[in-house]
Amino acid sequence: MGMNTGLDLNNDFLYVQSVFNKCTDKYKNFEENVKETNKTLSDRMDFICFQFKNIFSEGYWV
């Protein structure tokens, strides 16, 4: 075991940490995009249902 063993291990930890941070950031961005898409779709579905209730006098169809 040489003097650089601790440094190599430290570099490995730093590399793993940087990869983990990159993946975590990408996951957070993906999660935010999915939330926005779900919110948009939910809003559109609410609007469509509201319009159907207004068009048909019997609002029980929806």
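Look above for the structure.
For clarity, every value in this text was computed on a predicted model and none was experimentally measured. (Residues numbered from 1 in each chain as written. Predicted model: local features only at pLDDT ≥ 70, side-chain atom pairs only at ≥ 80, totals over all residues. Heavy atoms only, no water.)

Section: the overall build of the protein chain
For clarity, the threshold we go by: Secondary structure counts use DSSP, requiring at least four H or I residues in a row for a helix and at least two E residues in a row for a strand, with both numbered from the N terminus. Residue burial is assigned from relative accessible area. The probe radius is 1.4 Å, only protein chains are included, and a residue is buried under 20% of its type maximum, exposed over 50%, and partly exposed in between. Computed with a 1.4 Å probe, the accessible areas rest on the Shrake-Rupley method; for each residue, only the protein chains presented here act as cover.
Along the protein chain, the regular secondary structure elements total one helix and zero strands. The buried share among the 62 residues of the protein chain stands at 0%. Accessible surface computed for the protein chain: about 6,100 Å², of which carbon and sulfur atoms make up 61%.

Things to note about the pattern of salt bridges
Our working rule: We define a salt bridge as a contact between a side-chain nitrogen of Lys or Arg and a carboxyl oxygen of Asp or Glu at a distance within 4 Å.
Under the criterion given, the structure shown has one salt bridge. One salt bridge connects Lys39 with Asp43, and the closest N-O pair in it is separated by 3.1 Å. Of this pair, Lys39 and Asp43 both sit in helix H1 (residues 5-55), four residues apart, which is roughly one turn of the helix. On the basis of relative accessibility, which here comes to 39%, the residue Asp43 falls in the partly exposed class.

Thoughts on a nonpolar patch on the surface
So the rule is basically this: In this scheme, patches are assembled from residues that exceed 30% relative accessible area and form no salt bridge. Like charges are connected within 9 Å, while nonpolar side chains (Val, Leu, Ile, Met, Phe, Trp, Tyr) are connected within 5 Å.
The grouping of Met45, Phe47, Ile48 and Phe52 at the surface amounts to a nonpolar patch, some 370 Å² of accessible area in total. Secondary-structure assignment places Phe52 in helix H1. Relative accessible area serves as the criterion here: at 39%, Phe52 is assigned to the partly exposed category.

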